[in-house]
Amino acid sequence: MIRPGGRAIGTKAEHSRKDAAVVASPVLFRQLSPPSPPARIVALVSGSGTNLQALLDACADPAYGAAVVAVGADRPGILALKRAEDAGLPTFVLRVADFPDRAAWDRALRDEVAGYRPDLVVSAGYMKLLGQDFLEAFGGRTVNTHPALLPSFPGMHGARDALAYGVKITGCTLFAVAAGVDDGPIIAQEAVPVLEGDDEDTLHERIKNVERRMLVHHVGRMAREGWTIHTDRKVTIP
Ligand code: GRF
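Residues numbered from 1 in each chain as written. Predicted model: local features only at pLDDT ≥ 70, side-chain atom pairs only at ≥ 80, totals over all residues. Heavy atoms only, no water.

### Digging into the site of the ligand
Now for step 1: The environment of the ligand is made up of 13 residues, and the closest members are Ser48, Thr50, His204, Lys208 and Glu211.
Now for step 2: Between an oxygen atom of the ligand and a side-chain N or O atom of Ser48, the distance comes to 2.6 Å.
Now for step 3: Thr145 places a polar main-chain atom, nitrogen or oxygen, 3.2 Å from an oxygen atom of the ligand.
Now for step 4: Burial of the ligand by the protein chains amounts to 91% of its free accessible area of 370 Å².
Now for step 5: Of all the elements in the fold, those that place two or more residues in the shell around the ligand are helix H2 (50-59), strand S7 (142-146) and helix H7 (200-225).
Now for step 6: The element that contributes the greatest number of residues to the shell around the ligand is H7, accounting for three residues.
Now for step 7: Counted by class, the shell around the ligand contains two nonpolar, nine polar and two charged residues. (Near = heavy atom within 4 Å. Polar contact = N/O pair within 3.5 Å; in protein donor to acceptor, adjacent residues only side chain to side chain. Areas by Shrake-Rupley, 256 points an atom, 1.4 Å probe, with all protein chains shown as cover. Helix = DSSP H or I, 4+ residues; strand = E, 2+ residues; numbered from the N terminus. Nonpolar A, V, L, I, M, F, W, Y, C, P; charged D, E, K, R; others polar.)

### Remarks on the nonpolar core
Now for step 1: Grouped together as the largest cluster of nonpolar side chains are 49 residues, with contacts concentrated most on Val68, Val71 and Val219.
Now for step 2: Among the elements that make up this core, the one with the highest residue count is H7 (nine residues).
Now for step 3: Formed by 19 residues, the second largest nonpolar core is a distinct cluster that contains Leu44, Trp105, Leu150 and Phe175. (Core = buried A, V, L, I, M, F, W, Y, C linked by side-chain atoms within 4.5 Å. Buried < 20%, exposed > 50% of the residue type's maximum accessible area, 1.4 Å probe, protein only.)

If you want it as structure tokens, here you go:
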């Protein structure tokens, strides 16, 4: 059972061979106690920040049960950071290029995020792969949203790749972040039809409309009720 604010249960060694595929991921087997509302969210962004904005708008209602306490980015000068500043939130930028290697960047990100004591980390259009140190600290409480129905079309261009493949239905996925590219136990998915005449932009925009709603709905439920990531990759919100 995973709920914001609690402790880890189980270790890799405690789990049987049938769980081998999933115990490799640090996101599993944590038990967290219910948040004292509002749950603290650190959001990570790289782009226009419409998912972040949807979250900020939701958090404005105390009944939502969560508050974004800081916003981090992998690059400066993006609209998402402006949205955070306009909301009066602390922001930080950590560029991979400013560190000797990716592992050092990952540890710096972990430490910066840790300073805000998040119950949940929401990767909202964040275009960087989180590393081992970060996930050891925040695995199980880090979620990401992807504009395709995972495990199909992971990577930077979920909408473009789905369109190029010729699928008739694609969608979006909210998942608990594990070590691979767009990998991790799935929290929620919603379908979006591909329409005749769609290009990458029209399709991605239609997906993003659904994605924002899905993100807000499920992050709110997680913040208010807690969540469980089971050893068979199922995620439940009580
Ligand atoms: C979203 O579709 C997200 O899934 C993808 O990039 C987009 C970010 O949009 N990784 P925004 O920055 O929240 O507007």
